[in-house]
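These are the residues of each chain, in order.
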Amino acid sequence: MSTDLQTRTAAQPGERARAPQGPWRSNIGLKIIMAVSGILLVLFIIAHMAGNLHVFEGREEMNAYAAGLRSFGEPLLPHESFLWIMRIGLIAAALAHIWSAVVLTRRAMVARPVRYASRKPARGESRHAVATMRWGAIVIVLFVVWHLLDLTWRTVNPVKDIHDAYGAVLATFSPERWPVTVFYLLALVALGFHLRHGIWSAVQTISGPNTKWRGRTQAISLAVAVVVVAGFAIVPLAVTFELVS
Amino acid sequence: MKLSLRIWRQPDADTPGKMVSYEIDDVSEDASFLEMLDVLNERLIAEGEDPVAFDHDCREGICGACSLMIDGQAHGPQAATTTCQLHMRKFKDGDQIDVEPWRAGAFPVIKDLVVDRTAFDRIIQAGGYISAPTGTAPDAHAVPVPKQDADAAFSAAACIGCGACVAACPNGSGMLFMGAKVAHLGLMPQGQPERHTRVLGMVAAHDEAGFGGCTNTGECAAACPKEIGLDVIGRLNRDFRKAAARAA
Amino acid sequence: MSTDFYREGEPIADTKAPAGPISERWEKRRFSGRLVNPANRRKLRVIVVGTGLAGASAAATLGELGYRVANYCFQDSARRAHSIAAQGGINAAKNYRNDGDSVHRLFYDTVKGGDFRSRESNVHRLAEVSTEIIDQCVAQGVPFAREYGGLLDNRSFGGAQVSRTFYARGQTGQQLLLGAYQALQRQVAAGTVDLHTRHEMLELVIADGKARGIVVRDLVTGEISTEIADAVVLATGGYGNVFFLSTNAKGCNVTASWRAHRKGAYFANPCYTQIHPTCIPQSGEHQSKLTLMSESLRNDGRVWVPKRRGDDRAPGDIPEAERDYYLERRYPAFGNLVPRDIASRAAKMVCDEGRGVGPGGLGVYLDFADAIKRLGKKAVEAKYGNLFDMYERITGENPYERPMRIYPAVHYTMGGLWVDYDLSSNIPGLFVTGEANFSDHGANRLGASALMQGLSDGYFVLPNTISDYLADGPFEPLGEDHEAVVAARKEVDDRIAFFLNNDGDRTVDSFHRELGKIMWEYCGMERTDEGLRKAIGLIRGLKDEFYRRVKVTGKAEELNQQLEKAGRVADFFELGELMCIDALHRTESCGGHFRAESQTEDGEAKRDDEHFSYVAAWEYGEDAPVLHKEALEFEYVKPTQRSYK
Ligand SMILES: Cc1cc2nc3c(=O)[nH]c(=O)nc-3n(C[C@H](O)[C@H](O)[C@H](O)COP(=O)(O)OP(=O)(O)OC[C@H]3O[C@@H](n4cnc5c(N)ncnc54)[C@H](O)[C@@H]3O)c2cc1C
Ligand code: HEM
Ligand code: SF4
Ligand code: FES
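Residues numbered from 1 in each chain as written. Chains lettered and ligands numbered in written order. Predicted model: local features only at pLDDT ≥ 70, side-chain atom pairs only at ≥ 80, totals over all residues. Heavy atoms only, no water.

1. Regarding the sheet that holds strand 4 (residues 73–74) of chain B
All names here are of chain B.
Thought 1: An order of 2-1-5-3-4 is seen for the 5 strands of this open sheet, with the pairing classed as mixed. Only two strands of the sheet have a single partner each, and these edge strands are strand 2 (18–24) and strand 4.
Thought 2: Two strands pair when backbone bridges link them, and strand 3 (residues 69–70) and strand 5 (residues 96–100) are joined in this way by 2 bridges, in the antiparallel orientation. Within strand 5, the residue paired with M69 across the bridge is E100.
Thought 3: Each of strand 1 (3–9), strand 2, strand 3 and strand 5 touches helix 1 (residues 33–46); the most contacted strand, strand 2, lies at about 90° to it. (Pairing = 2+ DSSP bridges. Helix = DSSP H or I, 4+ residues; strand = E, 2+ residues; numbered from the N terminus. Contact = heavy atoms within 4.5 Å. Axes fitted to C-alpha atoms, helices over the stretch in contact; angles between N-to-C directions.)

Spelled out as structure tokens, the structure:
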């Protein structure tokens, strides 16, 4: 080199990398937490949906499946231990998911302190997500609470026998309780939208596919969302319209 | 043509602003949006009023100085076009047009339509470079770069730092801007040694400046005048995950 | 001679360039220049005004060296300096194509291209350093265009016979500037550079004969402050906006240079302006700037106008036989690829004949119909798609179907503050780099050479030469109460107060537009004795009116864009007058300066080496400027008359 320049100063990488909080509390870090927990929830939801379809096999089969969940792994594992491992994992995932969602939503509100006076409809690739993710999430939370009171604890369900899952499902969606079915379907729509965006969004957050694969992930997301919504919806519809009894 | 404009007027950072209406006649179809504002300003000055302040410089769509939320769309209705390159033939006689500044906590309003975008510079300071002090470089042909990588790096590097992505994002996030730089430098072999520290530093500066997080809605990419795609955000996420895992 | 307009002073000379073989001079100078030891650099403060290629590269490099740097720009970010807009590319004598290029050839082409009005030593150094620039930029991660093998691509630019232009699609300036900007931001993070954006330099502080600081206005708060240092570097770009309409960014101005000039710095060759032939024509009175279309378009596009004057048929309806492909006709060897000044003047000539097309008859066609037939629409789109889109956005016309309309526009100013081989002005401690100085391009700049010069000055030349001056520092500290500081501040305060208190009724822009029209008409593509004299009178009259009638709204202590403009336009008036005087005194034609009185029989520029082989360095004078001549000697490239027939 012809120029002879000596002393060089630059920021130390260590200094540069010092985040206000650790990397996992950064926007992207939280987003990764949300994505991983979301994916766990998706897996649960898919399994749950598949399980629900046992309704169509009749009372015995359905209740056996429910009992099976409790006795899974016995005698190697104590009674209900598998179920509790699943539940704890699920609760942890849900809490992580909700916590990260709340923190990020608050940060997003701070990031846009003054609203625009004029707004056009969203035009982005996942434009529906703008309106549906957060509102949908509230619907889902309400639904989950109801769902637990109804089918898990049976507080609001006429069938109190914990072992009669089949009966509880039939009771809750019986034709005269049609508003429950409507609410259930509404929550499903919210869930569908949540998944349609959530699944590809999680993949984008975790693995950052290229443009081609991003398109494919979006298609897969939509397909999964449709299958999940259909799979869940078919049960209450079948009960309400008395195709199962 | 004749237009009614509603423009955000705010005398300084500390005084609250409001939308003010102006009627303007005889706007030429061939004028650019900023030239239309020039004409309005000439009139305001003649009437002894304070002209509307807005940022601009090159008026060629490359410096990134111009901004403006036009009818709720960053840089207006035409895709891949900065405000300075937007021409009035895209509007109709009698249209009402709302003009607002970029709105983000990280971009405080200085006056009228002028905002402070130095947060972007701070993100670059936190790692958006390759350390190559003058005079230390090997011959330019010492390291070949596959054409696809060079082209992809260029596409990301085409970002003009205008901030439309932040303005359009429902979360006021700067991820597209940051992703564009991370992708540009991360695609070049010269950028590898600092790849991890770069992304951690930039993300920290981004958050500290008060930008929100990304929800992958794609509003940024739709508004970006340089058509930077969401793939750069994917790269940013990926690099960040690896770097954070290594740092942990 | 027109001594009623100026006086002639003592000749000057560049005393810094060493003698001896030209290829050893830079090496010699670097060795003879004194160094500053690293521990002392921390005690030396350098102001760099400007963050374009020339400023950002200098500030970053000086910071890396350990000096304490204060860096200024008027934009909201250093990255927006006007260099960002350069499209075509950057030259370097790498000879990667093995097509016969060399440092000597680049040197030769640049001296010749400058029509023998530049300094050989400077140009040779520029050619030498050019190769290092590419290395430096690649190391910074600049994504230059590459070939499939992964090596850098080159193209031939502006009629050069070798392929020595490196490029990054149509955005070379942007990518180079971002490289320099990032290096600069790295130094900001390291604490060696204090960067002040949205600050405008309004005055130079000179104490004991040395440039010691600047007075700046914070464009957001309006606060006036003084920055004191051991040396001041101006990298403030060109002054093409004196024409109001040009391809320059709206903010480009001469204020920093002009304030230095008024304080004693010589202004060299102000009349050398480059007019670019391929710009989008003006569409109406509202027009605020002109947009350059890359010169590369002339590689495939054919330039024509109707043969008949006033022919207002649509271009498609004009049969081949009634078209005049005037460049191909007049310059059969080079055709559409003749140099910029020739292409520009030829366009003006046909428009003056009444054969121009489009609004006001100010335009010629650049037609791609043949190229599309020959190469296919796809190929044309791949090559020029971006440019075609830009054209369509601006004009609303589709260039695939209808020929583009183009017209020349002011593009670059070769003139600038006079500097010696060390890039030092005649004021000790005041250095000038990039387009703001006059140094390397003579009377005409070759395409892709401005970027090269800006980076050469900033990365490699200035950081080496400035140490020779700084070796005497640190200089005595100057307090806020030093008389030079107080006086400089007062000048700034008074000027601002004048504008705000003036009871006027005309906007700054209206004056600027009118000044621009005068400059374009009489000091543009073709200049005459009569026209220039008239222009000087008109400018003086308009300037008087400006001070009487200009109206600036608002306050001093706020973001006030009218106030900013008013100061800039005030300086443009004085510069415009000096440009006309310079153009008037130089009765020859050379490069970008065409005097109608000095042309060959077939209308080509005719130099007058016997009388004008010098740099005209103007000293500011209250009543009339003083001309100092720096004689030019050509030891290596013997002056010849250009011919593109
Ligand atoms: C449209 C266009 C295309 C071009 N294409 C090419 C090309 O392809 N190849 C080529 O080689 N050249 C090209 N050029 C020329 C080239 O871009 C410029 O000559 C060069 O970039 C100038 O660089 P600079 O650093 O000297 O000045 P600039 O980039 O103009 O920077 C000036 C700096 O000074 C600052 N400044 C100015 N005044 C003040 C003040 N009073 N106070 C504080 N700060 C101030 C500004 O803020 C800015 O940061 C082109 C020019 C134009 C207009
Ligand atoms: C319990 C109530 C829930 C709340 C409050 C909630 C909230 C949110 C929020 C706010 C987001 C971010 C939205 C956005 O990016 O715009 C999100 C994303 C997501 N949610 Fe939920 N959600 C809930 C339930 C669920 C359920 C039941 C599932 C799975 C079936 C799920 C899967 C996901 C996934 C995969 C993502 C995407 C993560 C990412 O973007 O990286 N969520 N959720
Ligand atoms: S990513 Fe696009 S929208 Fe965002 S700053 Fe860069 S150019 Fe502007
Ligand atoms: S003014 Fe430069 S991008 Fe619009």
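And the narrative resumes.
2. A closer look at the nonpolar core
Thought 1: If you look at the biggest cluster of nonpolar residues, it comprises 249 residues, and the most contacted ones within it are C:I90, C:F144 and C:L234.
Thought 2: For C:I90, the residues in contact, after removing those within four places along its chain, are C:I133, C:I134, C:F144, C:R164, C:T165, C:F166, C:T172, C:L176, C:A448, C:L451, C:M452 and C:L455.
Thought 3: Counting residues in hydrophobic clusters, the runner-up holds 33 residues, among them A:I45, A:L188, A:V228 and A:V244. (Core = buried A, V, L, I, M, F, W, Y, C linked by side-chain atoms within 4.5 Å. Buried < 20%, exposed > 50% of the residue type's maximum accessible area, 1.4 Å probe, protein only.)

3. Some details on the site of ligand 3
Residue and element names in this part refer to chain B.
Thought 1: Around ligand 3, the surrounding shell holds 13 residues, and the nearest of these are C159, C162, G163, C165 and C224.
Thought 2: Those elements that provide at least two residues to the shell around ligand 3 are helix 4 (164–168) and helix 5 (175–187).
Thought 3: Here the shell around ligand 3 is built from residues that sort into 11 nonpolar, 2 polar and no charged. (Near = heavy atom within 4 Å. Nonpolar A, V, L, I, M, F, W, Y, C, P; charged D, E, K, R; others polar.)

4. Regarding the side chain of C:N336
Residues and elements named next belong to chain C.
Thought 1: Secondary-structure assignment places N336 in the loop between helix 8 (326–330) and helix 9 (340–352).
Thought 2: One polar contact links the side chain of N336 to the main-chain amide nitrogen of V303, over a distance of 3.1 Å.
Thought 3: In this structure the side chain of N336 is engaged in a polar contact, spanning 2.7 Å, whose partner is the side chain of E328.
Thought 4: Aside from chain neighbours lying at most four places away, what touches N336 is R298, G301, R302, V303, L327 and E328. (Polar contact = N/O pair within 3.5 Å; in protein donor to acceptor, adjacent residues only side chain to side chain.)

5. Comments concerning the coordination of the iron atom of ligand 2
Angles between donor atoms at a metal ideally measure 109.5 degrees for a four-coordinate tetrahedral arrangement and either 90 or 180 degrees for a six-coordinate octahedral one.
Residue and element names in this part refer to chain A.
Thought 1: Around the iron atom of ligand 2, the protein supplies H97 (NE2) and H194 (NE2) as donor atoms, at distances of 2.0 to 2.1 Å.
Thought 2: One way to put it: the 6 donor atoms around the iron atom of ligand 2 meet at angles of 82 to 179°, and that makes the site octahedral. Of this pair, H97 sits in helix 4 (residues 81–111) while H194 sits in helix 7 (residues 178–207); the two residues are 97 residues apart in sequence, bridging distant segments of the chain. (Donors = N, O, S within 2.8 Å, 3.2 Å for Na, K, Ca; no water. Tetrahedral: all angles 85-135°; square planar, octahedral: opposite > 155°, others 65-115°.)

6. What about the domain arrangement of chain C?
All names here are of chain C.
Thought 1: Domain boundaries assigned for chain C yield domain 1 (276–411) and domain 2 (483–604).
Thought 2: Of note, the centres of domain 1 and domain 2, computed from C-alpha atoms alone, are 31 Å apart.
Thought 3: Opposite the 14 residues of domain 1 that make contact, domain 2 presents 10 residues.
Thought 4: Each partner contributes to the roughly 950 Å² buried at the junction of domain 1 and domain 2, and carbon and sulfur atoms together form 53% of this total. (Domains from an automatic or database assignment. Buried area = accessible area lost by both parts, 1.4 Å probe.)

7. Considering the confidence of the model for chain A
Thought 1: Residues of chain A with pLDDT of at least 70 account for 91%, and the chain-wide mean is 89.
Thought 2: Predicted confidence is poor over residues 1–19 of chain A, with pLDDT under 50, and the contacts of this stretch with residues over four places away or in other chains come to 49 contacts. (pLDDT = per-residue confidence, 0-100.)

8. Structural notes on the environment of B:E23
Residue and element names in this part refer to chain B.
Thought 1: Mapped onto the elements of the fold, E23 is located in strand 2.
Thought 2: The class for E23 is partly exposed, based on a relative accessible area of 45%.
Thought 3: Between the C-alpha atoms of E23 and G94, which are 71 residues apart in sequence, the distance is 9.8 Å.
Thought 4: Setting aside residues no more than four positions away along its own chain, E23 makes contact with K2, L3, S4 and R43.

9. A few points about the interface of chain C and chain B
Thought 1: At the interface, 76 residues of chain C touch 78 residues of chain B.
Thought 2: When chain C packs against chain B, close to 6200 Å² is buried across both sides, 52% of that on carbon and sulfur atoms.
Thought 3: The three residues of chain C that bury the most area against chain B are C:R80, C:R146 and C:R393, which together make up 12% of that side's buried surface.
Thought 4: Counting the contacts that link chain C with chain B gives 5 salt bridges.
Thought 5: If you look at where chain C meets chain B, you find 45 residue pairs in polar contact (both at pLDDT 80 or more).
Thought 6: For the side of chain C that touches chain B, the elements supplying multiple residues, two or more each, are helix 3 (53–65), helix 5 (120–139), helix 6 (172–190), helix 11 (377–395), helix 12 (450–470), helix 14 (508–523) and helix 16 (561–585) of chain C. (Salt bridge = Lys/Arg side-chain N within 4 Å of Asp/Glu carboxyl O.)

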